[in-house]
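# A closer look at the structure
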Amino acid sequence: MKDATKFTHIGRPKVETGTSVNPPIIRASTLLFDKADDLYNGGHRIYGRHGSPVHDALSEAFCTLENGAGATLVPCGLAANTASILANVKAGDHILVTDSTYGPVRHFCNTQLSKFGVEIEYYPPNIGAGIEALIRDNTSCILLESPGSLSMEIQDLPAIIKIAKTHNIVTIVDNTWSAGLVYAPLDMGADIAVHSATKFFSGHGDILFGAVVSRTKPMAKNVAATAVAFGNSTSPDDTYQILRGFRTVVTRFAQQSKSALQLATWLESHDKVARAVHPALKSHPNHDLWQRDFTGSSCLFSIVLKPCAQTEVLALLDRLKLFAKGFSFGGFESLVIHCDPQLTRNHDPKFEGPLVRISCGLEDIEDMKADWARSLDQIS
Ligand SMILES: Cc1ncc(COP(=O)(O)O)c(C=O)c1O
């Protein structure tokens, strides 16, 4: 069965007379019990933090999406990353993190994880099998993101997983860009796939949500136990909205991705643009890896402008009328950011001009192109 069909039907209540389309929202912190003995000895949920039927339905949807053995729902994508790391490190460990990781994950590693005696090493995203040279006896996890945040490098995931497995190292892949629809890290042998459901599954720029999907049951149990211990639970209302987003995600993702590829192709030929950084374009340095490992592309890409002053870049963004200035991606509205202040790297990705990141929404492609044409043409 194809994803669009699966996600129309997954996690729905059994139909009886007057059944609601999705599982009902049950709001509860306290759960009540008939018998005192059941408070501690029932083998059931005893408190709101342990979820509800709508949580079960959404977990099932994420497991189906990623072909995983268990999913843990958390308040946002950043929490999905931190819960995955915290479940798999201890004081004295060394972890390898892609240099292209999402900025706030880097901030968590540098400011929080480091306090607990974990050593963090950032590796260049194009390292591939060369990662073996960085592995130490105490390396416990590798944190990957492909394509990388802002700079869009595709990693050689199979090569890295193969080496990680020989050294018994856990691999965690942030799979937000692909929404799990065009990239399958768990099928390639990764241990954990992380999602910021804030992006495509919300789809409307108005909910923060995250999910961690594990390939094996013991790993899923480990992540769930860590998330609960740190107080990472999600509200039934937000959980319901993300399950609702699953119903339409395949169609929205396909439309937005199509627009992004068309816009990137068009922008690449514009005389104010040095190149588009989109893995589905032949000009992308890792296009061959994308072709091998992905079945499609997403709504998010970057462009490198021909060298110009930062004031020109800011003015360009201010002239755009349809591409709102705001962080995130995957929502119905097109977004744009300039990357310079947050493009923190240990290994310079070397862009020949200012980098701008674009998320295509659901507007018409001709209107998107016209917006960029008018704004780019005014660069002096
Ligand atoms: C790749 C990636 N992972 C994680 C996150 C964090 O997600 P959230 O905003 O849900 O915390 C983001 C947010 O932009 C992201 O781009």
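Here the residue numbering is sequential within each chain, running from 1 through the sequence in written order. At least 70 in pLDDT is required for a residue's local features to be given in this predicted model, at least 80 for side-chain atom pairs to be given and counted, and no such filter applies to totals for whole chains, interfaces and linings, which use all residues. Hydrogens and water are ignored here; the side-chain numbers use all heavy atoms of the structure.

## Comments concerning the overall build of the protein chain
Which entries qualify depends on this criterion: Secondary structure counts use DSSP, requiring at least four H or I residues in a row for a helix and at least two E residues in a row for a strand, with both numbered from the N terminus. Both definitions apply: the radius of gyration is a C-alpha atom measure, and the globule rule equals 2.2 Å times residues to the power 0.38. In this scheme, a residue with accessible area under 20% of its type's maximum is buried, one over 50% is exposed, and one in between is partly exposed, where area comes from a 1.4 Å probe on protein chains only. We call two residues contacting when some pair of their heavy atoms lies within 4.5 Å.
For the protein chain, the helix and strand inventory stands at 12 helices and 12 strands. Computed over C-alpha atoms, the radius of gyration of the protein chain comes to 21 Å, within 12% of the 21 Å expected from 2.2 N^0.38 for 380 residues, which places it in the range of a compact globule. Within the protein chain, the proportion of its 380 residues that are buried is 54%. Of the contacts made within the protein chain by residues no fewer than 6 positions apart, 73% connect residues no fewer than 24 positions apart.

## Some details on the site of the ligand
Inclusion rule: The criterion for a residue being near a molecule or strand is simple. One of its heavy atoms has to lie within 4 Å of it. Polar contacts, as counted here, are pairs of nitrogen or oxygen atoms within 3.5 Å of one another; within protein the pair requires one atom able to donate a hydrogen and one able to accept it, and residues that are adjacent in sequence qualify only if both atoms are side-chain atoms. For every accessible area listed, the method is Shrake-Rupley and the probe measures 1.4 Å; residues are considered covered only by the protein chains on display. Definitions used for this entry: grid spacing 1 Å over protein atoms alone; cavity, a set of points where a 1.4 Å probe fits but cannot get out; pocket, an open set with protein on both sides within 12 Å along at least 5 of 7 lines; lining residue, one with an atom within 4 Å of a point. If over half the atoms of a molecule are within 2 Å of the grid points of a cavity or pocket, the molecule is regarded as sitting in it. Nonpolar residues are Ala, Val, Leu, Ile, Met, Phe, Trp, Tyr, Cys and Pro. Charged residues are Asp, Glu, Lys and Arg, and all others, Gly as well, are polar.
Within the structure, the ligand sits among 14 residues, and Gly77, Asp174, Ser196, Thr198 and Lys199 are positioned closest to it. Contact distances for the ligand include 2.9 Å between an oxygen atom and a backbone N or O atom of Leu78. The contact in question runs from an oxygen atom of the ligand to an N or O atom on the side chain of Lys199, over 2.8 Å. Summarising the interface, the protein chains cover 92% of the accessible area of the ligand, which totals 390 Å² for the free molecule. Spatially, the ligand is embedded in the largest pocket. Class assignment for the residues of the shell around the ligand results in 6 nonpolar, 5 polar and 3 charged.

## Considerations on the packing of helix H3 (residues 53-66) against helix H8 (residues 236-246)
Rules: With axes taken as lines fitted to C-alpha atoms, and helix axes fitted only over the stretch in contact, angles between N-to-C directions fall between 0 and 180 degrees. These descriptions rest on fixed angle ranges, namely under 35 degrees for roughly parallel, over 145 for roughly antiparallel, 65 to 115 for roughly perpendicular, and the rest for oblique. Put simply, a crossing is left-handed when the front helix is turned counterclockwise from the back one by less than a right angle, and right-handed when it is turned clockwise.
The geometry of H3 relative to H8 is characterised by a closest axis approach of 9 Å and an angle of 40 degrees between their N-to-C directions. Considered as vectors, H3 and H8 are oriented oblique to each other. Like other packed secondary-structure pairs, H3 and H8 cross with a definite hand, here left-handed. Contacts from Val54, His55, Ala57, Leu58, Ala61, Phe62 and Leu65 in H3 reach Pro236, Thr239, Tyr240, Ile242, Leu243 and Phe246 in H8. Residue composition of the contact of H3 with H8, by class: 11 nonpolar, 2 polar and no charged.

## Examining the nonpolar core
Put simply, the test is: Working definition of a nonpolar core: buried Ala, Val, Leu, Ile, Met, Phe, Trp, Tyr and Cys residues. They are joined through side-chain atoms within 4.5 Å.
Counting residues in hydrophobic clusters, the biggest one holds 60 residues, and the most contacted among them are Leu58, Phe62, Ile142, Leu181, Phe201, Ile242 and Phe246. Ranked by the residues each element gives to this core, the list is headed by H3, at 7 residues. Within the second largest apolar cluster, 25 residues are counted, among which are Ala79, Ala87, Cys141 and Ile192.

## Re the sheet that holds strand S10 (residues 324-325)
This is how it is decided: Any two strands with at least two DSSP-identified bridges between them are counted as paired.
Strand order in the open sheet made by the 5 strands is S8-S9-S12-S11-S10, with mixed pairing throughout. Both outer strands of the open sheet, strand S8 (273-277) and S10, are each paired with one neighbouring strand and no more. Taken together, the 2 bridges between S10 and strand S11 (residues 335-338) define a ladder with parallel strand orientation. From the neighbouring strand, Lys325 faces S11, where its bridge partner is Val336.

## Concerning the domain arrangement of the protein chain
Condition: Segment limits for the domains were obtained from an automatic or database-derived domain assignment. A 1.4 Å probe defines the accessible area here, and the buried area is the portion of it lost by two parts on being joined, summed over both.
The assigned domain composition of the protein chain is domain 1 (3-246) and domain 2 (249-377). Relative placement of domain 1 and domain 2: their C-alpha centres are 27 Å apart. Each partner contributes residues to the interface: domain 1 has 39 residues there, and domain 2 has 39 residues. With both sides pooled, the region where domain 1 packs onto domain 2 buries about 3,200 Å², and carbon together with sulfur makes up 65% of that total. Ranking the residues of domain 1 by area buried against domain 2 places Leu150, Trp177 and Phe200 at the top, with a combined share of 27%.

## A short note on the packing of aromatic side chains
Short version of the rule: Here a pair means two rings of Phe, Tyr or Trp (six-membered ring of Trp) with centres within 6.5 Å. Their orientation is stacked below 30 degrees between planes, edge-to-face above 60, and tilted elsewhere. Placement of a positive charge over a ring is assigned whenever Lys NZ or Arg CZ falls within 6 Å of the ring centre and within 35 degrees of the normal to the ring plane.
In total, this model carries 9 aromatic pairs according to the counting rule given. Taking the centre distance of 6.0 Å and the plane angle of 75 degrees together, the rings of Phe200 and Phe329 count as edge-to-face. Linking Phe200 in the loop between strand S6 (192-196) and strand S7 (210-214) with Phe329 in the loop between S10 and S11, this pair joins segments that are 129 residues apart in sequence. Look at Phe329 and you get buried, because its relative accessible area is 9%. Positioned over the ring face of Tyr122 is Arg106, at 4.1 Å from the centre of the ring.

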